[in-house]
Amino acid sequence: MAKFASNGLDRILTLELVRVTERAAVAAARLRGRGDEKAADQVAVDAMRSELNRLPINGTVVIGEGERDEAPMLYIGEEVGTGEGPAVDIALDPLEGTTICAKNLPNSLAVIAIAEKGSLLYAPDVYMDKIAIGPGYPAGTIDIDAPAAQNLEKLAKAKGVPVGEITACILDRPRHARLIEEVRATGAAIRLIGDGDVAGVIHTTDPDETGIDIYMGIGGAPEGVLAAAALRCIGGQMQGRLQLNTDEKVARAKKMGIDDPEKVYQMDEMARGDVLFAATGVTDGNLLAGVKFARDFIQTHTIVMRSSSRTVREIKARHQDLDKF
Ligand code: VTB
Ligand code: MG
Ligand code: MG
């Protein structure tokens, strides 16, 4: 027990998490490209929940599918796991990028993060302004309050390339018109994505593979916490600011313990302590392959990692026990 206490979460849980995202990803992948986002999301939620309830944890969903009244399953506050095991907080998105999955476009994922109780930001389901880069750059390279041009120039300098060789990932939304203009004015390239900013942030950690150096812009706050959890494990820098632009949102956030609506959250304020993170590809993506349905097996591709050891594992699994899926 002493070892457990000093080392954070039980390391055995790391690999156990893989089954949870694998199962959700396979369920969603069966409905890839069918144009039905809701159906794909629902099967992913069901699958993730049933697998999660087999884990030896005393878990509470803190970032989930929504408030209890609007989300029948995996709602915020739902207790999951067998109840016998460590008390943990859970952030999850059984199908991150429902629209991508429905259209069978790249980078939809099943994702989950687990942390010690009280160590994930209890973010309401509002927007969050985010900025993120991968590991290997000096602290302070990015600043969410600085102009886009300054962030891109500092990053380019730290990388040792001209700004024209930097690529920023930004969600393709009208709200980003000005940001897009500012980035393009520097000569940097933009990868405009339809959805899936958890993947967008993770992609900054391997620019050689993904072609993405920096993530910028406004997406979901729950996705921000999940992305911060992932970066805590791989390394990198991230900042986020909730977009609490109405009295109603400020009041909702206050109920969740957020007193300063303008606060800039550093990565380790969104996900503290020992964090475990897993993501399985649903559709093919830049880092993870999507689920493959072969004649005799189903193949999944998962990344699973832990912040305290900084171990990053990729697991390609062939599932023969097809009845289970
Ligand atoms: C982003 C995107 C997600 O929500 O976080 C987005 O990355 C934000 O909301 O995949 P809008 O679609 O309203 O811009 C998702 O699209 C869905 O979770
Ligand atoms: Mg979801
Ligand atoms: Mg989502």
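Residues numbered from 1 in each chain as written. Chains lettered and ligands numbered in written order. Predicted model: local features only at pLDDT ≥ 70, side-chain atom pairs only at ≥ 80, totals over all residues. Heavy atoms only, no water.

Novice: How would you explain the UniProt feature "binding site: Mn(2+) 1" (unreviewed entry) in the chain if you had to name every residue and give the values?
Specialist: Under the UniProt annotation, "binding site: Mn(2+) 1" (unreviewed entry) lies at Asp41 and Glu65. Across 25 residues in sequence, these annotated residues keep their C-alpha atoms within 10.0 Å of one another, forming a single compact spot. Within the fold, aspartate 41 resides in helix α3 (residues 37–52). Look at aspartate 41 and you get buried, because its relative accessible area is 19%. Those residues in contact with aspartate 41 that lie beyond four places of it in its chain are Glu65, Leu95 and Thr98. Here glutamate 65 is to be found in the loop between β1 (58–63) and β2 (79–80). Among residues more than four places away in sequence, those in contact with glutamate 65 are Asp41, Val45, Ala71, Met73, Leu74, Leu92, Asp93 and Pro94. (UniProt positions renumbered as here; feature names shortened; annotations may be inferred. Helix = DSSP H or I, 4+ residues; strand = E, 2+ residues; numbered from the N terminus. Buried < 20%, exposed > 50% of the residue type's maximum accessible area, 1.4 Å probe, protein only. Contact = heavy atoms within 4.5 Å.)

Novice: Tell me about a negative patch on the surface, and please be specific about residues and values.
Specialist: Taken together, the side chains of Glu67, Asp69, Glu70 and Asp125 present a region of like negative charge at the surface. With respect to the secondary-structure elements, glutamate 70 resides in the loop between β1 and β2. Residue classification places glutamate 70 among the exposed residues on the basis of a relative accessible area of 53%. (Patch = residues over 30% accessible without salt bridge, like charges linked within 9 Å, V, L, I, M, F, W, Y side chains within 5 Å. Areas by Shrake-Rupley, 256 points an atom, 1.4 Å probe, with all protein chains shown as cover. Salt bridge = Lys/Arg side-chain N within 4 Å of Asp/Glu carboxyl O. Lys, Arg positive; Asp, Glu negative; His and termini not counted. Charge placed at Lys NZ, Arg CZ, Asp CG, Glu CD.)

Novice: Which residues make up the site of ligand 1, and what values go with them?
Specialist: In the vicinity of ligand 1, the contacting residues are Glu96, Gly97, Tyr127, Leu171, Arg173, Arg175, Asp195, Gly196, Asp197, Gly219, Gly220 and Glu223. Between ligand 1 and the protein, one listed contact pairs an oxygen atom with a side-chain N or O atom of tyrosine 127 at 2.4 Å. Contacts to ligand 1 include glycine 196, whose backbone N or O atom sits 2.9 Å from an oxygen atom. Burial of ligand 1 by the surrounding chains reaches 76%, relative to a free accessible area of 410 Å². When its residues are assigned to classes, the shell around ligand 1 shows two nonpolar, four polar and six charged. (Near = heavy atom within 4 Å. Polar contact = N/O pair within 3.5 Å; in protein donor to acceptor, adjacent residues only side chain to side chain. Nonpolar A, V, L, I, M, F, W, Y, C, P; charged D, E, K, R; others polar.)

Novice: Mind laying out the packing of aromatic side chains, listing which residues take part and the relevant values?
Specialist: Using the criterion set out here, one finds zero aromatic pairs in the structure. Residue placement shows arginine 175 over the ring face of tyrosine 127; its charged tip is 4.3 Å from the ring centre. Positioned above the aromatic ring of tyrosine 265 is the side chain of lysine 263, whose terminal nitrogen or guanidinium carbon lies 5.2 Å from the ring centre. (Phe/Tyr/Trp six-rings, centres within 6.5 Å; stacked < 30°, edge-to-face > 60°. Lys NZ or Arg CZ within 6 Å of the ring centre and 35° of its normal.)

Novice: Could you give an account of the coordination of the magnesium ion (ligand 3), naming the residues involved and the relevant values?
Specialist: In the first shell of the magnesium ion (ligand 3), the protein supplies Asp93 (OD), Glu96 (OE) and Glu223 (OE), at 2.2 to 2.4 Å from the metal. Between the donor residues of the magnesium ion (ligand 3), the gaps in sequence give the motif D-x2-E-x126-E. (Donors = N, O, S within 2.8 Å, 3.2 Å for Na, K, Ca; no water.)

Novice: Give a description of the sheet that holds strand β8 (residues 214–220) that names residues and reports values.
Specialist: The six strands lie next to each other as β7-β6-β8-β5-β9-β10, forming an open sheet whose pairing is mixed. Looking at the sheet topology across the chains shown, the edges are occupied by β7 (189–193) and β10 (264–266). Put simply, the sheet's adjacent strands are angled 20° from each other on average, direction ignored. Here strand β9 (residues 237–242) pairs with β10 via three bridges, running antiparallel. Pairing of glutamine 239 across the sheet is with glutamine 266, part of β10. (Pairing = 2+ DSSP bridges. Axes fitted to C-alpha atoms, helices over the stretch in contact; angles between N-to-C directions.)

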